[in-house]
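Per-entry structural report
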Amino acid sequence: MMQQRNKPRVYTNEMNHFEIRLSPGESVHTGYVGDISEEGVCAVIPGEESVSFEKGARLSGTIGGSYLSEEMSFEAEVAWQASGEQRGRQVRLVGLKFTKSVDLPDQVIAALMVTDE
């Protein structure tokens, strides 16, 4: 079943500059943003270890990095996940749906605008 999105989702290397940290309880998994919209985000978690989240599980997280003056916090549910390879490394892709719509920071919006040029 194809899901209709209300907002555009962006896939770009510009998002790789934004670090994402996911906290499913006590542990923390760090990676980078693969794509993002006001309704969700794809987290790319590098490494050989088998990171796995239960579909529908609730996670808290933050998006930060040198491009952001302050971190963006969020709560989300796991929508999907997959294993893959990026930049010659094994990664875990985790699709997250924000529990409520978020306002993207100006720096993220600017990265999205660069993609459209």
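Being a predicted model, the structure only gives us computed values, none of them experimental.

**A few points about the overall build of the chain**
Summing up its helical and strand segments, the chain has one helix and seven strands in all. Overall, the chain shows an N-to-C arrangement of helices and strands of β-β-β-β-β-β-β-α. Among the 117 residues that make up the chain, the fraction classed as buried is 40%. Residue pairs in contact within the chain that sit at least 24 positions apart in sequence constitute 54% of those at least 6 positions apart. Within the structure as shown, the chain displays about 7,200 Å² of accessible surface, and the carbon and sulfur contribution to it stands at 45%.

**Brief notes about the environment of lysine 97**
When you line up the elements, lysine 97 lands in strand β7 (residues 89-98). On a C-alpha basis, the gap between lysine 97 and glutamate 38 in space is 9.3 Å, while along the polypeptide they are 59 residues apart. Not counting chain neighbours up to four residues away, the residues in contact with lysine 97 comprise Glu39, Gly40, Glu75, Ala76 and Glu77.

What counts as what
- Residues numbered from 1 in each chain as written.
- Predicted model: local features only at pLDDT ≥ 70, side-chain atom pairs only at ≥ 80, totals over all residues.
- Heavy atoms only, no water.
- Helix = DSSP H or I, 4+ residues; strand = E, 2+ residues; numbered from the N terminus.
- Buried < 20%, exposed > 50% of the residue type's maximum accessible area, 1.4 Å probe, protein only.
- Contact = heavy atoms within 4.5 Å.
- Areas by Shrake-Rupley, 256 points an atom, 1.4 Å probe, with all protein chains shown as cover.

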